[in-house]
Amino acid sequence: MSELRIAILGTRGVPPKYGGFETFAAQLGKRLASRGHDVTVYCRRALYEDEPPIWEGIRRIELPAVGHKYLETVSHAFFSALHAVFRRFDVILVCNAANAFVLPVLTATRIPTVLNVDGIERQRRKWNILGRGVYMIGESLSAHFATRIVADAGVIADYYGRRHGVRPEVLAYGSSLEKGDSDILDRLSLAPQKFVLYVSRFEPENNPLEVVRAWSKVRTDLPLVMVGDAPYSVDLIARVRAEADERVIFPGALYGADYATLQRNALAYIQATEVGGTHPALIEAMGVGGAIVANGTPENREVGADAVEYFDFHGLPRLETVLQRLLDHPGSFDELRRRAKRRAGEVYDWERVTDGYEALFDSVVQRP
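My aim in this report is to walk through the structure given alongside it, one point at a time. (Residues numbered from 1 in each chain as written. Predicted model: local features only at pLDDT ≥ 70, side-chain atom pairs only at ≥ 80, totals over all residues. Heavy atoms only, no water.)

**Focus on the sheet that holds strand β3 (residues 54-55)**
Across the sheet, which stays open at both edges, the eight strands sit in the order β3-β4-β2-β1-β5-β6-β7-β8 with mixed pairing between neighbours. Whereas interior strands pair on both sides, the edge strands pair on one side only; in this sheet they are β3 and β8 (169-170). By the bridge criterion, five bridges tie strand β2 (residues 38-44) to strand β4 (residues 58-63) in an arrangement that is parallel. Bridge pairing links Thr40 to Arg59 in β4. (Pairing = 2+ DSSP bridges. Helix = DSSP H or I, 4+ residues; strand = E, 2+ residues; numbered from the N terminus.)

Rendered as structure tokens:
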């Protein structure tokens, strides 16, 4: 396979400092670069200071964005697309269906585009009618203008097939955490296997408030570590902190070795998301052999299969019931860990994921 000039736009950038798409861009980008491809990731200038122009073999290009909840993502994607038009890339990977409005511009210049649509983002409660409308238009533009569409879960691919008459390629994420431990356990006064972990942006669909409410009903002295933040969810974050009891720890958003150390040492991991496709944190918890308790959405069940214990925020079993049962029978954690590790190794391997994207990129490139 010949070397390709690949651009990734639509994320906040690398190294990852926010969420799933940033982790995806970092893990995929550095592997493509290690295979000899020329990889560029567009980054939001306001989030990065004193970062080198090359990170893990990836060329970083920093561009501005409008600092507004509804304009930040799309404005940065617009500036990135304009810049990319003049760089003679072989293929451009666009992340997030909200950024699909740049596809007509890229298509007009005959640059092949692959769009990773993520989940059904318009279902997020944080969006008003305008935000939902943007995502609905983005879905339609994706179906009509992207050279190829990628979904990270079969559930999302089925949705696009029913609603838009297109069948995306299904390529999940991989499981890979930074090697080596940090001193985060000491800093937070935690002991290995003596805390429960939650990791997500503090947004309504990730249910941080519901998690702390459930934890208040669990009989245990163990702490719950709530890792996450969100730039536009100040009121929700305040409510979560106000309703949490003294056993809950809020270290903020953590990345790299700090995040990896917590994942490897948690007694159990809570995945409370209800919107989106495949969540990288869930796969990463599986990859380190985590004992996982997850919201039983179709997407989470597709990822976790029988390697995860499920709960239902709107039915039974409740989160507090599942947690209490596991904590009362510590031996049950060992079986969950074994299943999670096995499934991650069989299905969610970054090298295998990179193989899929590399083959897809090669198939859409217009060669002389």
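**Brief notes about the packing of aromatic side chains**
As enumerated under the stated definition, the model contains eleven aromatic pairs in all. Judged by centre distance (5.4 Å) and plane angle (55°), the ring pair of Phe24 and Tyr357 falls under tilted. Linking Phe24 in helix α1 (residues 20-34) with Tyr357 in helix α14 (residues 350-364), this pair joins segments that are 333 residues apart in sequence. Across the pair, Tyr357 and Phe24 agree in class, each one buried. An aromatic cluster is built from Phe21, Phe24, Tyr173, Trp350, Tyr357 and Phe361, whose rings are joined through pairwise contacts. Cation over ring: Arg60 sits above Tyr48, and NZ or CZ is 4.8 Å from the ring centre. The residue whose ring lies beneath Arg301 is Tyr310, and the NZ or CZ to ring-centre distance is 4.4 Å. (Phe/Tyr/Trp six-rings, centres within 6.5 Å; stacked < 30°, edge-to-face > 60°. Buried < 20%, exposed > 50% of the residue type's maximum accessible area, 1.4 Å probe, protein only. Lys NZ or Arg CZ within 6 Å of the ring centre and 35° of its normal.)

**What about the pattern of salt bridges?**
This structure, assessed with the given rule, holds 25 salt bridges. Arg31 serves as the salt-bridge partner of Glu351, at 3.2 Å between the closest nitrogen and oxygen. Placement of the pair is Glu351 in helix α14 and Arg31 in helix α1, with a sequence separation of 320 residues. For the salt bridge of Arg213 with Glu243, the shortest nitrogen-to-oxygen distance reads 2.8 Å. On the criterion of sequence distance, the pair formed by Arg213 in helix α7 (residues 208-215) and Glu243 in helix α8 (residues 234-243) is long-range, its members being 30 residues apart. Take Arg213: its relative accessible area is 34%, and that puts it in the partly exposed class. (Salt bridge = Lys/Arg side-chain N within 4 Å of Asp/Glu carboxyl O.)

**Remarks on the pairing of strand β10 (residues 224-227)**
By the alternation rule, side chains of β10 split into Leu224 and Met226 and Val225 and Val227, which are all buried. Examined bridge by bridge, strand β9 (residues 196-199) and β10 share four bridges and lie parallel to one another. Its bridge partner lying in β10, Leu197 is registered against Val225. Read from β9 through α7 to β10, the crossover connection turns out right-handed. Where β10 lies against strand β11 (residues 248-252), three bridges are found, and the strand directions are parallel. Within the sheet, the bridge partner assigned to Val225 lies in β11 and is Ile249. Considered for its hand, the β-α-β crossover made up of β10, α8 and β11 is right-handed. (Right-handed = clockwise from strand over helix to strand, strands pointing away.)

**Quick word on unusual backbone geometry**
Note that the residue after Val14, namely Pro15, is joined by a cis bond; omega there is -5°. Assignment of secondary structure puts Pro15 in the loop between β1 (5-9) and α1. With omega at 0°, the peptide bond leading from Leu316 into Pro317 counts as cis. Along the polypeptide, Pro317 turns up in the loop between β14 (309-311) and α12 (319-328). Backbone geometry places Arg110, a non-glycine residue, at a positive phi of 65°. Here Arg110 shows up in the loop between α3 (103-108) and β6 (113-116).

**Quick word on the packing of α7 against α8**
Remark: α7 packs on α8, axes separated minimally by 9 Å, with the N-to-C direction vectors making an angle of 5°. Considering their axes alone, α7 and α8 lie roughly parallel with respect to each other. Facing α7, whose interface residues are Pro208, Leu209, Val212 and Arg213, α8 presents Leu236, Arg239, Val240 and Glu243. When grouped by side-chain class, the residues that make up the contact of α7 with α8 number five nonpolar, no polar and three charged. (Axes fitted to C-alpha atoms, helices over the stretch in contact; angles between N-to-C directions. Parallel < 35°, antiparallel > 145°, perpendicular 65-115°, else oblique. Contact = heavy atoms within 4.5 Å. Nonpolar A, V, L, I, M, F, W, Y, C, P; charged D, E, K, R; others polar.)

Purely geometric numbers; function is a separate question.
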